[in-house]
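# Overview (structure and organization)
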Amino acid sequence: NAGVMQNPRHLVRRRGQEARLRCSPMKGHSHVYWYRQLPEEGLKFMVYLQKENIIDESGMPKERFSAEFPKEGPSILRIQQVVRGDSAAYFCASSPVQGAGSNYGYTFGSGTRLTVV
Amino acid sequence: AQRVTQPEKLLSVFKGAPVELKCNYSYSGSPELFWYVQYSRQRLQLLLRHISRESIKGFTADLNKGETSFHLKKPFAQEEDSAMYYCALPNAGGTSYGKLTFGQGTILTVHP
């Protein structure tokens, strides 16, 4: 089991371009969470998805950001028309059941470091 | 609203010295708390959770409901403990149940 896989590890985009960040959860995990780590700040929740459903997107900026977790394939976090303030590390986590507090735990990927130039 | 506070952004100690990373929380109900560690440019890893009352890599943390704290302690710090440490609290229920609220993080540096 390869764990939670995120790609790319590093992504450089010019202002105005689109950024697509991918997250493949652990095998058997159907719950995916995205977090953002801004420079000098802690992790902030963005969105929680199950297969084909967005469960909680209360942490997502209202504009330019979207997320999906299709029936087949990885979860995608998409940022349109990126700006310098989007530069951050984006982490994905997965779990087999709902809830980070469950006995099954919560496994993080290595993150994607987005740099907007 | 629930909240996790780590008052120290940076903490430096010398090898062999005791270390305590502070975490305070606000939560209505009986909380379940975690400590995560992030070594340089690596993924976050669960260090310990309070319900298991275990010691990992020499670290322990005790939940103090009276002081609403969950401080992380180690009696003798090692250089390899240098990392970013996050205290985290899962949301209580409903659709928010899946998510974690993190503190701001504390960067621990252990000097030789």
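Above: the structure in question.
What comes next concerns the included structure. Bear in mind that the values here come from a model prediction, so they are computed numbers and not experimental data.

Along the backbone of chain B there are 0 helices and 11 strands. Ordering the α and β elements of chain B from the N terminus gives β-β-β-β-β-β-β-β-β-β-β. Scaling as 2.2 N^0.38, a compact globule of 112 residues should have a C-alpha radius of gyration of about 13 Å, and chain B matches this with 14 Å. Taken along the three principal axes of its C-alpha coordinates, chain B extends 45 × 30 × 25 Å. Counting all 112 residues of chain B, 45% fall into the buried class. Within chain B, contacts between residues separated by at least 24 positions form 59% of all contacts whose residues are at least 6 apart in sequence. A total of about 5,500 Å² of accessible surface is found on chain B, and carbon and sulfur atoms cover 52% of it.

Residue and element names in this part refer to chain B. The tally for this structure, following the rule as stated, stands at 2 disulfides over all chains. The disulfide bridge from C23 ends at C87, spanning 2.0 Å between sulfur atoms. Looking along the S-S bond of the C23-C87 disulfide, the torsion reads about -65°, which is the left-handed sense. Remark: C87 occurs in strand β9 (residues 83-90) and C23 occurs in the loop between β3 (19-21) and β4 (24-26); sequence separation between them is 64 residues. Of the residues examined, C23 reaches a relative accessible area of 0% and is grouped as buried. The class for C87 is buried, based on a relative accessible area of 0%.

Attention shifts here to the pattern of salt bridges. Tallied over the full model, the rule gives 8 salt bridges over all chains. K22(B) is the salt-bridge partner of E20(B), the closest N and O atoms lying 3.1 Å from each other. Judged by its relative accessible area of 29%, K22(B) is partly exposed. The salt bridge involving K73(B) is made with E20(B); its shortest N-O contact spans 3.7 Å. Within this pair, whereas K73(B) is found in strand β8 (residues 72-74), its partner E20(B) is found in strand β3, the two being separated by 53 residues in sequence. Judged by its relative accessible area of 41%, K73(B) is partly exposed. For E20(B), a relative accessible area of 29% translates into the label partly exposed. A cluster of three or more residues bridged by salt bridges with shared partners is formed by E18(A), R20(A) and R78(A).

Each value, and the rule that gives it
Residues numbered from 1 in each chain as written. Chains lettered and ligands numbered in written order. Predicted model: local features only at pLDDT ≥ 70, side-chain atom pairs only at ≥ 80, totals over all residues. Heavy atoms only, no water. Helix = DSSP H or I, 4+ residues; strand = E, 2+ residues; numbered from the N terminus. Rg over C-alpha atoms; globule rule 2.2 N^0.38 Å. Buried < 20%, exposed > 50% of the residue type's maximum accessible area, 1.4 Å probe, protein only. Contact = heavy atoms within 4.5 Å. Areas by Shrake-Rupley, 256 points an atom, 1.4 Å probe, with all protein chains shown as cover. Disulfide = S-S within 2.5 Å. Salt bridge = Lys/Arg side-chain N within 4 Å of Asp/Glu carboxyl O.

Keep in mind these numbers describe shape, not what the thing actually does.
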